[in-house]
Amino acid sequence: MERRTIFPGTAFPIFLVLPQLLLTVVFFLWPAGQAIWSSMTRADPFGIRTQFVGWENFQDLFTDPLYMDSIGRTVVFCTSVATLSMGVALLLAVCADREIRGRGWYRIMLIWPYAVAPAVAAVLWILLLHPQIGLVGRALNRHGVAWDYKLNSTQAMAVVIGASAWKQVSYNFIFFLAGLQSVPKAVIEAARMDGAKGWFRFRTVVLPLLMPTVFFLIVVNFVYAAFDTFGTIQALTQGGPGKSTETLVVKVFRDGLINLDVGGSSAQSVVLMFGVIMLTALQFRFLGKKSDE
Amino acid sequence: MATLVLDGLRKSFGKIPVLHGVDLSMPSGEMLVIVGASGCGKSTLLRLVAGLEEPTLGKIILDGVDVAARDPADRDIAMVFQNYALYPHMSVFDNMAYGLRIRDMPKAEIERRVTEAAGTLELSALLQRKPRQLSGGQRQRVAMGRAIVREPKLFLFDEPLSNLDATLRVTMRAEIRRLQRRMGVTSLFVTHDQVEAMTLGDRLLVLHKGQAVQLATPMEVFNRPANTYVAGFIGAPAMNLLPAKLAQNGRAAQLEIGPTIAFADGPRAGADGRELIVGIRPEHLHLDPAGFVLPVDLVEPLGSETVVIGKLENGQMLTIKLPCAGVSDTSLRVGISEQHLHVFDAQTGLRLEGGLSAVPSS
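What this report covers is the structure whose coordinates are included nearby.

1. Quick look at the sheet that holds strand β4 (residues 57–62) of chain B
All names here are of chain B.
Phase 1: Here four strands make up an open sheet; going across it, the order is β2-β1-β4-β5 and the pairing antiparallel. Both outer strands of the open sheet, β2 (16–26) and β5 (65–66), are each paired with one neighbouring strand and no more.
Phase 2: One ladder, built from two bridges, connects β4 with β5; its direction is antiparallel. Counterpart to Ile61 in the pairing with β5 is Asp66.
Phase 3: Running over the sheet, helix α1 (residues 42–50) touches β1 (4–13), β2 and β4 and is turned about 65° from β2.

Structure below.
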């Protein structure tokens, strides 16, 4: 049942909504407007004069091979993070869904990584993987694997993908577990009676019923991988070596705050903003469709 | 078609025993109804046979082979669930074909079986629909169809009619019985509804607190209930159970509420004064000017008959079913038909048969 309270008049409702509106204006609309404005300006090297240049920054952006590279890298990165984190989360959720001893603890432990701040998580990964001081890194080098993610771009990509996926596993795990628990027990039992076993039963009965959760998580994971991984990547590799882990968000930071090309960087943010708007619209449409059923 | 034998089947959940050893032997093609109040272990018994629960002890012998340790997938048993448990993402056709596809049956044969079952169950026009587009009765029939097409050794029904409305329930009940007869598949049917139990079963198994209290034909259970529990459970309105003492050298019962009634079917064993429970069905009480006085508590006219609930001075309730309408709502004079007494031992609750050599049946 929907509970709804209707306030009389106009002043009081506006007063109630005002704090939220203020927050949105101050922390979202204003900076977004600033970004759009500055994406159409160009500053001189000393930041003294700014001039309006219209779409020029965007034209530069889409003819810049480095930017195209970064888009491609981001797609690879997002796909890998989403696949890895969802795959692992589903596997863990299936295991946790069974009747096992200490299930409660097992679940809590799996949810922990979500509560770790990106920078802290990155430090943990450095302590594991650093070629000179990391446990795993040293072990690899000792056994003849030339491990140094600060020099090898493939290894660097693998590290940021692994660290980013690890942080997202908990989130996916919670949703998958809830999804699995909402599959009616009797339907699974019916499948058992019909003769379906193990993986076949999972593939033909459980997975199709889990598809709404999967779609939802695909969108959420892409948004996460594209935008929320800046902290992890920045702390681990700063987008390096070279540009090998420079995804779009990292590039915005580098170009704008390190290289001080505010106009170009703002243009990139505006492009990203449209990306987020589209993904969010997709997610809303999808959630809306789900609640209709 | 197959025989089913249960041998000392026990089940405990943790330390709580749910079934205390059930023995049962079913000939091929029999329809056995397991009946009992909720919590008596009837669903657990069915789930043990299905393989969805593991027995703590005992054997489940299907067609001569002990299947107790087998996965449900390897038992060749089909089950109809209470809430139907259809696969929500599959069409009606796929729901029925699922079990056959798993068995790698040729496509043409699957098609033939599903079409045939759909014809029998009047589902032919609905084969491409999804379960959510079906009514309750149609879902129920799809669940039946899914079991039928398998042509399994054994059917299990777990209260399949309890989610249907009253009219549909009566129709489906008859339909299930016809289908089961025609296919001749050995079947176990669990219900708490005694009308279903009486009408569907070749035999009834009455469960009470995890124990099989009576296994007999429906009429036998009705006419000769094995103990006071069965006596009160089967039959509606429920049988009156009145405390009494043995009298006249075992030839009569002295009811606590007054009258002494002679046994029509011979004396009971024991000394006079032995504590008894005498059971009288409401339809075996009649209006009798010479009978005892019963103050009326409630009159329930049912049209063709009237149920009167009376309350005696000592608080004992008494139900009477009268084949007429328009009875007094203050007090009645009531007589007891001697031919229809059920006599039970007050301590054990077991039935006491007439004739001195009689032993309590169990």
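2. What to know about the environment of A:Val76
Phase 1: Relative to the helices and strands, A:Val76 is located in helix α3 (residues 65–96).
Phase 2: Separated by 68 residues in sequence, A:Val76 and A:Gly144 have C-alpha atoms that sit 28 Å apart.

3. Digging into the nonpolar core
All names here are of chain B.
Phase 1: In this structure, Ile34 and Leu156 are the most contacted members of the largest nonpolar core, which totals 105 residues.
Phase 2: For this core, the domains that each give at least three residues are domain 1 (4–229) and domain 2 (235–345).
Phase 3: Not counting residues up to four positions away in its chain, the partners in contact with Ile34 are Lys42, Leu45, Leu46, Leu188, Phe189, Val190, Leu205 and Leu207.

4. Quick notes on the packing of helix α5 (residues 118–129) of chain A against helix α7 (residues 153–181) of chain A
Residues and elements named next belong to chain A.
Phase 1: Between α5 and α7, whose axes approach to 11 Å, the crossing angle comes to 130°. The pairing of α5 with α7 is recorded here as oblique in orientation. Viewed along their axes, α5 and α7 form a crossing whose handedness is right-handed. Across the interface between the two elements, Pro118, Ala121, Ala122, Trp125 and Leu129 from α5 touch Val159, Ala163 and Lys167 from α7.

Procedures and definitions
Residues numbered from 1 in each chain as written. Chains lettered and ligands numbered in written order. Predicted model: local features only at pLDDT ≥ 70, side-chain atom pairs only at ≥ 80, totals over all residues. Pairing = 2+ DSSP bridges. Helix = DSSP H or I, 4+ residues; strand = E, 2+ residues; numbered from the N terminus. Contact = placed C-beta atoms within 7 Å. Axes fitted to C-alpha atoms, helices over the stretch in contact; angles between N-to-C directions. Core = buried A, V, L, I, M, F, W, Y, C linked by C-beta atoms within 7 Å. Buried ≥ 20, exposed ≤ 12 C-beta atoms within 10 Å, placed from the backbone. Domains from an automatic or database assignment. Parallel < 35°, antiparallel > 145°, perpendicular 65-115°, else oblique. Left-handed = near helix turned anticlockwise from the far one by under 90°.

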